[in-house]
Amino acid sequence: MTSDPARPFGRVLTAMVTPFAADGSIDLAGAQQLAAHLVDRCAHDGLVVSGTTGESPTVSDAEQRAVLEAVLDAVGDRAVVVAGVGTNDTAHSIEKARDAARLGAHGLMAVTPYYNKPPQAGLLRHFTAIADATDLPVMLYDIPPRSGIPIEVDTLVRAAEHPNIVAVKDAKGSLTDVSWTMARCDLAYYSGEDALNLPLLAIGAVGVVSVVGHLVGPRLAELVAAVESGDLARARALHTGLLPVCRGVFRTQGAILVKAALTELGLPAGPVRPPLVDATAEEVAQLRADLAEGGVTL
């Protein structure tokens, strides 16, 4: 658990997959086992549940509540558990936020509303409505490749005026925008794009919300520590060593290949749900080669 307001969710979090059984049903025991593995053995300060990597578009609200409750029971006494509650419907997002708060989540993550492409005024109203719904700290998730629109710097600065909006998970890829936002407000930045972890940390991000963290959590913790201590040579070496892992996991949709890797490691993961499709034998072989180059043996 973190008490540092400069990094309200800790340093290293992973956007956790949602384990499914072979028949596609939720594997709650597997979710607890995986959460405990990541926190107790892989240097995680926290977990984000029911984010994109958790296949939230195909996991019902009732299932998401069950997963959140299971993960909280497993690791909530020693890790920050953040619930993904963002949708492209403000009323639905508010309902999910209140559910997460009632179950005991430590924080909320709200992605930019996708598909309906609201103007920036609509984004601000959406995010502040979610933040008003509970007393929990909120992390905004800025990911234009999925949402269709960015959260502009001015919008982020205005959102930061809300006492509950405390952080941004950035997958926009604009170091300029991130730099300007951090210069103008006190939002805590978390890298949401693994290949850009080092650049974002170098300009002031306080941590990562990772996908490859399922496989290399301790090395991410070491990367954050190296930047904090000013050992940029060590940070660059870690960054370079992790590039093959990032390439391997993101050759296709991250949840597909992370689940394949976890399965190969004997950890709970299971299949993905349609419209995603499980990795082919050829994709698993390529993943194995990529990860081996990055020091991860399946």
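This one's a predicted model, so the numbers in the text were calculated from it and none came from an experiment.

### Topic: the UniProt feature "binding site: pyruvate" (unreviewed entry) in the protein chain
Argument step 1. Per the UniProt record, "binding site: pyruvate" (unreviewed entry) is annotated on Thr53 and Val209. Across 157 residues of sequence, these annotated residues stay compact in space, with a maximum C-alpha separation of 11.0 Å. Of the annotated set named above, Thr53 and Val209 line the second largest pocket.
Argument step 2. Residue class for Thr53 comes out buried when judged on its relative accessible area of 9%.
Argument step 3. Dropping the residues within four chain positions of it, Thr53 is found in contact with Ala15, Met16, Val17, Thr18, Val211, His214 and Ala255.
Argument step 4. Tracing the backbone through its elements, the reader meets Val209 in strand β8 (residues 207-210).
Argument step 5. Here Val209 falls in the buried class, since its relative accessible area comes to 2%.
Argument step 6. Not counting chain neighbours up to four residues away, the residues in contact with Val209 comprise Leu13, Ala15, Val48, Met139, Lys169, Tyr190, Ser191 and Gly192.

### Thoughts on unusual backbone geometry
Argument step 1. Following Pro274, the chain continues to Pro275 via a peptide bond in cis, the omega torsion being 15°.
Argument step 2. Within the secondary structure, Pro275 is located in the loop between α11 (254-264) and α12 (281-293).
Argument step 3. Unusually for a residue other than glycine, Ala43 sits at a positive phi of about 65°.
Argument step 4. By secondary structure assignment, the location of Ala43 is in the loop between α1 (28-41) and β2 (46-49).
Argument step 5. Ala43 sits in the partly exposed class, given a relative accessible area of 36%.
Argument step 6. With a phi angle near 60°, Glu55 is a residue other than glycine that sits in the positive phi range.

### Concerning the sheet that holds strand β3 (residues 80-84)
Argument step 1. Taken together, the eight strands give a closed barrel; going around it, the order is β1-β2-β3-β4-β5-β6-β7-β8, and neighbouring strands pair in parallel fashion. This sheet shows a mean twist of 25° between the axes of neighbouring strands, independent of strand direction.
Argument step 2. In terms of strand pairing, β2 meets β3 through four bridges, oriented parallel. Within β3, the position partnered with Gly46 by the bridge is Val80.

### A closer look at the packing of helix α9 (residues 213-229) against helix α10 (residues 232-249)
Argument step 1. Viewed as axis vectors pointing N to C, α9 and α10 meet at an angle of 150°, and their least axial separation amounts to 10 Å. Crossing of α9 over α10 shows left-handed handedness. Of the residues in α10, those in contact with Leu215, Val216, Arg219, Leu220, Glu222, Leu223, Ala226 and Val227 of α9 are Arg234, Ala235, Leu238, Gly241, Leu242, Val245 and Val249.
Argument step 2. Its residues placed into classes, the contact of α9 with α10 shows 11 nonpolar, one polar and three charged.

Cut-offs applied
- Residues numbered from 1 in each chain as written.
- Predicted model: local features only at pLDDT ≥ 70, side-chain atom pairs only at ≥ 80, totals over all residues.
- Heavy atoms only, no water.
- UniProt positions renumbered as here; feature names shortened; annotations may be inferred.
- 1 Å grid on protein atoms, 1.4 Å probe; cavity = no way out; pocket = protein on both sides within 12 Å on 5 of 7 lines; lining within 4 Å.
- Buried < 20%, exposed > 50% of the residue type's maximum accessible area, 1.4 Å probe, protein only.
- Contact = heavy atoms within 4.5 Å.
- Helix = DSSP H or I, 4+ residues; strand = E, 2+ residues; numbered from the N terminus.
- Pairing = 2+ DSSP bridges.
- Axes fitted to C-alpha atoms, helices over the stretch in contact; angles between N-to-C directions.
- Left-handed = near helix turned anticlockwise from the far one by under 90°.
- Nonpolar A, V, L, I, M, F, W, Y, C, P; charged D, E, K, R; others polar.

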